[in-house]
Amino acid sequence: MQIRPMQDQDMAEVQALAERCFGEARRGRTAVRLRGSSRPIAALSFVARDHGALIGAVSCHPIRWMGPGGAVRPLVLLGPLVSSPERRGEGIGLALLKCAAEALDAGAHDCVLIGDAPYYGRFGWTAGPTQGWELPGPYEPERLLLRASDPATYAGPARLIPAEAGVSRAA
């Protein structure tokens, strides 16, 4: 297995793998709405290949955190993290997640995801600071996880929006 940064020519295969893993229903999921039309951040997104065949991928997308008093911060949304169903249990997702976490740390990026705390928690993601956040769709609060250098700066009521969404501020 080889892991390398995701490139434009990988996108069709990555989309096909995500479709295979999550099905057509994934298009209405909150994480998909939050990603909007953004492209994956090249330095934070990776593919895993075995003898040329795509066997896994993780992508990270730009989003915005809007907090109290009109504060707006860039944030990264991790996902989807996918691995070929035939290869599950081989550590592909874990290897991709390690690469993404190292890249996030290297760039000092704070990151949010919607996922299972026992799996992502070992890499520092936690639901504590995200309680009271609003997203563009339904989600389970205990599955909204943040990994940040200073999680307390994100605590309290906030809203996550796609990076390309307009931001209106009170005058």
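Just so you know, these numbers come straight off a predicted model, no measurement behind them. Per chain, residue numbering runs from 1 following the sequence as it is written. This being a predicted model, a pLDDT of at least 70 is required before a residue's local features are given, and a value of 80 or more before pairs of side-chain atoms are given or counted; all residues contribute to the totals for chains, interfaces and linings. As a convention, hydrogens and water are excluded, and side-chain values are obtained from all of the structure's heavy atoms.

Caption draft 1: Here's a closer look at the pattern of salt bridges. By definition here, a salt bridge exists when the distance from a side-chain nitrogen of Lys or Arg to a carboxyl oxygen of Asp or Glu is within 4 Å. With the rule as written, the count across this model stands at nine salt bridges. Between Arg39 and Asp8 there is a salt bridge, with its nearest N and O atoms 2.7 Å apart. Pair noted here: Arg39 is in the loop between helix H2 (30-35) and strand S2 (46-50) and Asp8 is in the loop between strand S1 (2-5) and helix H1 (11-22), with a separation of 31 residues, a long-range link. Relative accessible area decides the class of each residue, using a 1.4 Å probe on protein chains only: under 20% of the type maximum gives buried, over 50% gives exposed, and in between gives partly exposed. Note on Asp8: relative accessible area 57%, which makes it exposed. Of the charged contacts, one joins Arg87 and Asp50 as a salt bridge, the two residues approaching to 2.9 Å between their closest N and O atoms. Here Arg87 is found in the loop between strand S4 (72-83) and helix H3 (92-106), whereas its partner Asp50 is found in strand S2, with 37 residues between them in sequence. With a relative accessible area of 22%, Arg87 lands in the partly exposed category. Per the convention used, a helix needs a DSSP run of H or I reaching at least four residues, while a strand needs a run of E reaching at least two, with both numbered from the N terminus.

Caption draft 2: Focus on the nonpolar core. Buried Ala, Val, Leu, Ile, Met, Phe, Trp, Tyr and Cys residues form a nonpolar core when they are joined through side-chain atoms within 4.5 Å. Counting residues in hydrophobic clusters, the biggest one holds 23 residues, and the most contacted among them are Val58, Leu78, Leu96, Leu97, Leu104, Tyr120 and Trp125. Among the secondary structure elements, those contributing two or more residues to this core are S2, strand S3 (53-66), S4, H3 and strand S5 (111-114). A per-element tally of this core places H3 first, with seven residues. Contacts between residues were defined by any pair of non-hydrogen atoms, one from each residue, lying within 4.5 Å. Ignoring any residue separated from it by four or fewer positions in sequence, one finds Leu97 in contact with Leu78, Leu81, Tyr119, Tyr120, Phe123 and Trp125. Ranked by size, the runner-up nonpolar core spans 14 residues in total, among them Ile63, Leu135, Tyr154 and Leu160.

Caption draft 3: Structural view of H1. Helix span, as expected, comes to 1.5 Å for every residue beyond the first. For H1, spanning twelve residues, the distance from its first C-alpha to its last is 16 Å, which sits close to the expected 16 Å at 1.5 Å a residue. Listing the buried residues of H1 in full gives Met11, Val14, Leu17, Ala18 and Cys21. Viewed along the axis of H1, the buried residues span an arc of 125°, placing them on a single side of the element. Next to the buried residues of H1 lie S2, S3 and S4. The arc in question is formed by the directions pointing from the helix axis toward the C-beta atoms.

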